[in-house]
Structure formats: C-alpha cells, structure tokens
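Remarks on the overall topology
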Amino acid sequence: MVHYYITKNPTFFLVLAWLTCSCSSWSSRTSNPYVRQACSVTLYQQLCIRSLSPFSSAARNHPTRWARAGVSVSIGEAKNVVAYLAKARKRNPMRGRNRIALSDCVECIQDSLDNLHKSLGVLRKLSTKTFNTQMGDVITWLSAALTDGDTCLDGFEESKEQVNTLRRKVMNVTHITSNALAIVNKLATTGPQALLVSP
Ligand SMILES: *[C@@H]1O[C@H](CO)[C@@H](O)[C@H](O)[C@H]1NC(C)=O
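Note that the coordinates shown come from a computational prediction; the quantities given were computed from them, not determined experimentally. (Residues numbered from 1 in each chain as written. Predicted model: local features only at pLDDT ≥ 70, side-chain atom pairs only at ≥ 80, totals over all residues. Heavy atoms only, no water.)

This next bit is on the site of the ligand. In the vicinity of the ligand, the contacting residues are Ser-51, Glu-77, Lys-169, Asn-172 and Ile-176. The separation between an oxygen atom of the ligand and a polar side-chain atom of Glu-77 is 2.7 Å. A distance of 2.3 Å is found between an oxygen atom of the ligand and a side-chain nitrogen or oxygen belonging to Asn-172. Surface burial for the ligand is 57%, taken as the share of its 370 Å² of free accessible area covered by protein chains. For the shell around the ligand, the element with the most residues is helix 10 (residues 161-190), which contributes 3 residues. (Near = heavy atom within 4 Å. Polar contact = N/O pair within 3.5 Å; in protein donor to acceptor, adjacent residues only side chain to side chain. Areas by Shrake-Rupley, 256 points an atom, 1.4 Å probe, with all protein chains shown as cover. Helix = DSSP H or I, 4+ residues; strand = E, 2+ residues; numbered from the N terminus.)

For the coordinates displayed, the defined rule picks out 2 disulfides. The disulfide partner of Cys-39 is Cys-48, and the S-S distance across this bridge is 2.0 Å. On the sign convention where negative means left-handed, the S-S torsion of about -80° between Cys-39 and Cys-48 marks this disulfide as left-handed. Here Cys-39 matches Cys-48 in class, with each residue buried. Here Cys-105 pairs with Cys-152 through a disulfide, and the sulfurs are 1.9 Å apart. The sign of the S-S torsion, about -50°, decides the handedness of the disulfide formed by Cys-105 and Cys-152: left-handed. Note that Cys-105 is positioned in helix 8 (residues 96-124) and Cys-152 in helix 9 (residues 131-154), a separation of 47 residues in sequence. Grouping residues by exposure puts Cys-105 and Cys-152 together as buried. Described in terms of the sequence order of its bonded cysteines, the disulfide pattern of the chain is 1-2, 3-4. Here Cys-108 is not disulfide-linked; the sulfur of Cys-152 is the nearest cysteine sulfur, at 6.1 Å. (Disulfide = S-S within 2.5 Å. Buried < 20%, exposed > 50% of the residue type's maximum accessible area, 1.4 Å probe, protein only.)

Okay, the nonpolar core next. In this structure, Leu-52, Ile-109 and Leu-123 are the most contacted members of the largest nonpolar core, which totals 53 residues. Of all the secondary-structure elements, those providing two or more residues to this core are helix 4 (33-39), helix 5 (45-52), helix 7 (63-91), helix 8, helix 9, helix 10 and helix 11 (193-197). With 11 residues, helix 8 is the largest single contributor of residues to this core. In contact with Ile-109, not counting residues within four places along its chain, are Ala-78, Val-81, Val-82, Leu-85, Cys-152 and Val-170. (Core = buried A, V, L, I, M, F, W, Y, C linked by side-chain atoms within 4.5 Å. Contact = heavy atoms within 4.5 Å.)

Looking at the element boundaries, Pro-54 is found in the loop between helix 5 and helix 6 (56-59). With a relative accessible area of 64%, Pro-54 lands in the exposed category. For the pair Pro-54 and Val-35, spaced 19 residues apart in the sequence, the C-alpha separation amounts to 9.1 Å.

A few words on unusual backbone geometry. In this model, Arg-60 sits at a positive phi of 40°, which is unusual for a non-glycine residue. When you line up the elements, Arg-60 lands in the loop between helix 6 and helix 7. Judged by its relative accessible area of 41%, Arg-60 falls in the partly exposed class.

So, on to the environment of Ser-57. Within the element layout of this structure, Ser-57 appears in helix 6. Assessed through its relative accessible area of 62%, Ser-57 is described here as exposed. Along the chain, Ser-57 and Val-35 lie 22 residues apart, while their C-alpha atoms are 9.1 Å from each other.

Attention now moves to the confidence of the model for the chain. The predicted model of the chain has a mean per-residue pLDDT of 85, with 83% of residues at 70 or higher. Averaged over each element, pLDDT in the chain is lowest for helix 2 (residues 10-20) (45) and highest for helix 5 (97). Below a pLDDT of 50 lies the segment residues 12-27, which in the model reaches 11 contacts outside its immediate sequence neighbourhood of four places, other chains included. (pLDDT = per-residue confidence, 0-100.)

Structure follows, in structure tokens:
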C-alpha cells in the first residue's frame, strides 16, 4: 500500500520536491505579506521574516507595532545570550584572556539590554508632539546596543568551540538588533503621521 502510494502517485513526488526546495525561498513565499513588507528595509531579511512572523496578525500594517515587535525580539534573544553566558561560565570556566573577555562580554550584553528596554519603553508611549525627539533617542539607544554586541566579541581568542558558539549567538542578536534599527529608522522617516494611522 505504502509502496503503491510512493511509486504510483505523482503527487508524492511533487510534495517531496516541494519539501526539499530551499528553505529560505520557501519561507519567503509562505510568509505573510505584512511581515515581508515590514522586513523589506532590513539587512538580514530571512532572519527578520523568521523572527517577526509570529507578530504578523497583530502588527499588520502598523509601523509602530512592527518597531515594538522588532525590539521585543531583540530583548528576548539578548536575554537568551545572558542566560547562556551564565551557564557556560559555571559549567566550563574559560581561562586566561577568554575569561576576562567573557566577563566584559556579559557587561556589554547587560548594557545592550538596558538600551533595548529603554527603547521599547519609549516606543510604547510615542506622541505626535514629541515624536522626533523620541525617535532620535530610540535610534541612539539601538545604535549603542548594536555597538555593544560588537564590543562583546572583541576580546576573545579564536578557535575554541565554546567561543565559536558564543560568537554565533551574539552575532544573531546583533543581526536582529540591526533589523530592529532598520524598522525603527523607517518609522522615524514616516514621521508623526505614523501615529495617526494607529497607536
Ligand atoms: C537566532 O534568533 C532567532 C530568533 O529569536 C532564533 O530562533 C534562533 O534560534 C537564533 N539562532 C542562534 C544561533 O542563536
């Protein structure tokens, strides 16, 4: 029966071909048009679409909601990295230069989290009168959060597996934050009338 199904049913091969096609083009074809639109201004679009898709039905075409979603995802991922660093430090302490780099990195990510939280706070209470100042603050803080991620990776010696994993995770947060900054920049250029469409 199964054999018959596999050999005689052309749909099976079509489905198989569809499943094995490239993951990235699959995700961009099946993703919601709102999230594709919101992510169109970002540098890491596939990552943007993957991480922001869950917000599609709530954010739709509201630029302020996408800005908040972008920063929220960045906060979540930065918290993951902090938790990973804390665990890694306990389980498998690094030595020498990497040990110092690791504690510097923790400080940087904490600082980055502060900046992300401040940004989200302001994005939650935007007003048409203070819009430009508020957006200026948010852009400054998000840029600082981006720099913190780079600074975190500065001090490590290459080649250790543990360092490579950490690098991948921190780069991920950096890319997600870069995407959030691009979405926020777009909101800033839209101007206060973005708030008239929706809060
Ligand atoms: C990068 O972030 C995304 C979105 O939060 C997450 O799903 C993914 O697992 C992360 N990848 C790595 C390598 O940490």
